[in-house]
Amino acid sequence: MADSGFDFDFIVIGSGFGGSVTAHRLTEKGYRVAVMEMGRRWDPENLPRTNWLFWRWIWRPNMALRGFFNLEFFRHVVIAHGCAVGGGSITYAGTLLVPKDSIWDSGSWAQLAPWKTEMPHYYETAMRMLGVIENRILGPADRLLKQVADAAGVGGTFYRTRVGVFQPPEGEAGGRTYPDPYFGGKGPERTTCISCGGCMMGCRHNAKNSLDKNYLYLAEKRGARVFAETKVVDVAPLNGKADGSEGYEVRTVKSTAPLRKGPRHFTSRGVVFAASALGTLDLLFRLKKKGSLPAISDQLGNRVRTNAESLIGVRFPGSREDFSKGVAIGSGIYIDQYTHIEAVRYPEGSDALGFLCTLLTSGRPGWTRILLLVRNFLRALLRNPVRTARCLHPFGWARESLILLCMQTLDGHLDMRLGRLWFWPFRKTLVSRGQRIPTYIPQANEFARKTAELAGGTPMSMVTEVLFDIPCTAHILGGCPMAASPARGVVDFRNRVFGYKNMYVCDGSVIAANLGVNPSLTICALAERAVSYIPPAWRTQWDDAPEAGSEV
Ligand SMILES: Cc1cc2nc3c(=O)[nH]c(=O)nc-3n(C[C@H](O)[C@H](O)[C@H](O)COP(=O)(O)OP(=O)(O)OC[C@H]3O[C@@H](n4cnc5c(N)ncnc54)[C@H](O)[C@@H]3O)c2cc1C
Ligand code: SF4
């Protein structure tokens, strides 16, 4: 224990985008920081070559699956998220986009701060740290997207994504190693991208700018201690001071231990929840319920957003083009004011998600759509049995598929609560409530059909969307709304938790609008902003608390 009597000044829970930014900036300000991360550490040597090695891909430690990617099934949505040292950045596609300014006009954060003048500075900083560039590598999937966009009259909206990938200069092959290109020699050496499309399986070529190569790397270099495979299960104020003014005790268990969980406890003056929207909600609900943090606002779990997403695609069985080449998300288009489509890929051989694909089927959700699917299937089977079988079996899926990620800025949200599942009533877990979010975006489906027609493929969509009317998202946001008072939200405009001192939430749970673009850059920029208000260690009074009604 250090002289202050606390094990650490700050404990950060989760090492993803919000957590790594916070850890880095707090160590820079002179604080002693610990990062608790329930996932494992990954490096190019232990990342799996394909997702058929599912025990090194999927995270379900209670089933001995200790990977970095998780799929969680709720009544309203299937959520994909990352779980590793470096959080979602290990499995993410590396796309880092600034959303439209209009996102600050709606949702509970509107009017809380002069966002449109403040945020550009934090976006710039986050982009510099994450090494964001315009993608220089277009693969067959991107070229086809452009071709269909031209045919649909929206070719003018085609853009190359902005990505956090170390790419070779134009005309040079990838795979060359350079000394740290980003941080004046303070960062790790890096190798240029070889366009293998493997970003979402974790980059095995040291080219993707995941957080363990920038923010988290620098935080550790400055002394932050990262506790991997360590799950936080309790956070409670110390010395009976209910507002946390005398610090917190943080309890952990070993996340990958089957039986002997090795409980530990640590003390700190401040706590940052950065466990992602799902992780932070789950933890805060449990802590509120068990009485460790009873003052957390009752708004917890409200206004969870899915970025209004839908995953569709087109499969080209026997295609000579290899659609897996390029970076995971190489380009995008806007088919109308609200609807954004990106060309996505998995690397060759990573076909396991092909099991979740079926023929694209329109129609009203419910039995009619299921009957239509059966009809489409029988019709396709009669017309071309070999082709239909080749579309539906998973092998070759990544090589032969153009995956289209469709996102909308239109509003729509659901709520999360801690409840019991009828089929597993033994333990409370997060459950979704509220209105169903439309699974199906007619304009996007039409675009997939057009692509299939133009290039001779078969339009596909997710089984869960067609059969159960449940969309799939990799961009779950919200649940700890940012607002002017605890009656309306969980944190204030500087990410400070209502009801507590020196406690913050810095992750996707504070996002208060559907961004319409991939959210990681915004999560980083908001975390940069939140920490910029925390004074340096030598000046702190340890009395940082939100004021209700703190609108500016
Ligand atoms: C396949 C895939 C591709 C994606 N591609 C992109 C993309 O290209 N661009 C983009 O912007 N976004 C992308 N995303 C989304 C992006 O990964 C998330 O939006 C982002 O990671 C969220 O950041 P965060 O800081 O909220 O939390 P995360 O990055 O999710 O980090 C939270 C961390 O907290 C840990 N944790 C949770 N609970 C606990 C606990 N109790 N104790 C200790 N640790 C805990 C988790 O293990 C996790 O590592 C993608 C997501 C997926 C699944
Ligand atoms: S395309 Fe391949 S080499 Fe390039 S960043 Fe992605 S995984 Fe790494």
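Provided above is the structure to which this section pertains.
Residues numbered from 1 in each chain as written. Chains lettered and ligands numbered in written order. Predicted model: local features only at pLDDT ≥ 70, side-chain atom pairs only at ≥ 80, totals over all residues. Heavy atoms only, no water.

Trainee: Would you mind showing me how to read the sheet that holds strand β21 (residues 401–408) here?
Mentor: Backbone-to-backbone hydrogen bonds pair the strands of a sheet. The strands run either parallel or antiparallel. Strand order in this open sheet of seven strands is β8-β18-β19-β21-β17-β24-β20, and the pairing throughout is antiparallel. Across the chains shown, the open sheet's two edge strands, defined by having one partner strand only, are β8 (159–160) and β20 (357–359). Of the strand pairs in this sheet, strand β17 (residues 309–315) and β21 are connected by seven bridges, and their pairing is antiparallel. Bridge pairing in β21 links V314 to L402. Packing against the sheet, helix α9 (residues 442–455) makes contact with β17, β18 (329–334), β19 (339–344), β21 and β24 (458–462), and its axis sits at approximately 10° to β17. (Pairing = 2+ DSSP bridges. Helix = DSSP H or I, 4+ residues; strand = E, 2+ residues; numbered from the N terminus. Contact = heavy atoms within 4.5 Å. Axes fitted to C-alpha atoms, helices over the stretch in contact; angles between N-to-C directions.)

Trainee: Is there a simple way to explain the site of ligand 2 in this structure?
Mentor: Among the 13 residues in the neighbourhood of ligand 2, the closest are listed as C193, C196, G197, C199 and C203. Of the residues that constitute the shell around ligand 2, the class distribution is seven nonpolar, five polar and one charged. (Near = heavy atom within 4 Å. Nonpolar A, V, L, I, M, F, W, Y, C, P; charged D, E, K, R; others polar.)

Trainee: How should the site of ligand 1 be read in this particular structure?
Mentor: Lining the immediate surroundings of ligand 1 are 38 residues, of which E37, G88, T95, G508 and S520 lie closest. Here G94 contributes a backbone N or O atom positioned 3.3 Å from an oxygen atom of ligand 1. Between a nitrogen atom of ligand 1 and a main-chain N or O atom of T95, the distance comes to 2.8 Å. Its free accessible area being 1000 Å², ligand 1 has 95% of it covered by the protein chains. When contributions to the shell around ligand 1 are tallied by element, the ones reaching two or more residues are α1 (17–28), β6 (78–82), β13 (230–237), α5 (276–290) and α11 (520–532). Looking at the shell around ligand 1 residue by residue, the class counts come to 17 nonpolar, 18 polar and three charged. (Polar contact = N/O pair within 3.5 Å; in protein donor to acceptor, adjacent residues only side chain to side chain. Areas by Shrake-Rupley, 256 points an atom, 1.4 Å probe, with all protein chains shown as cover.)

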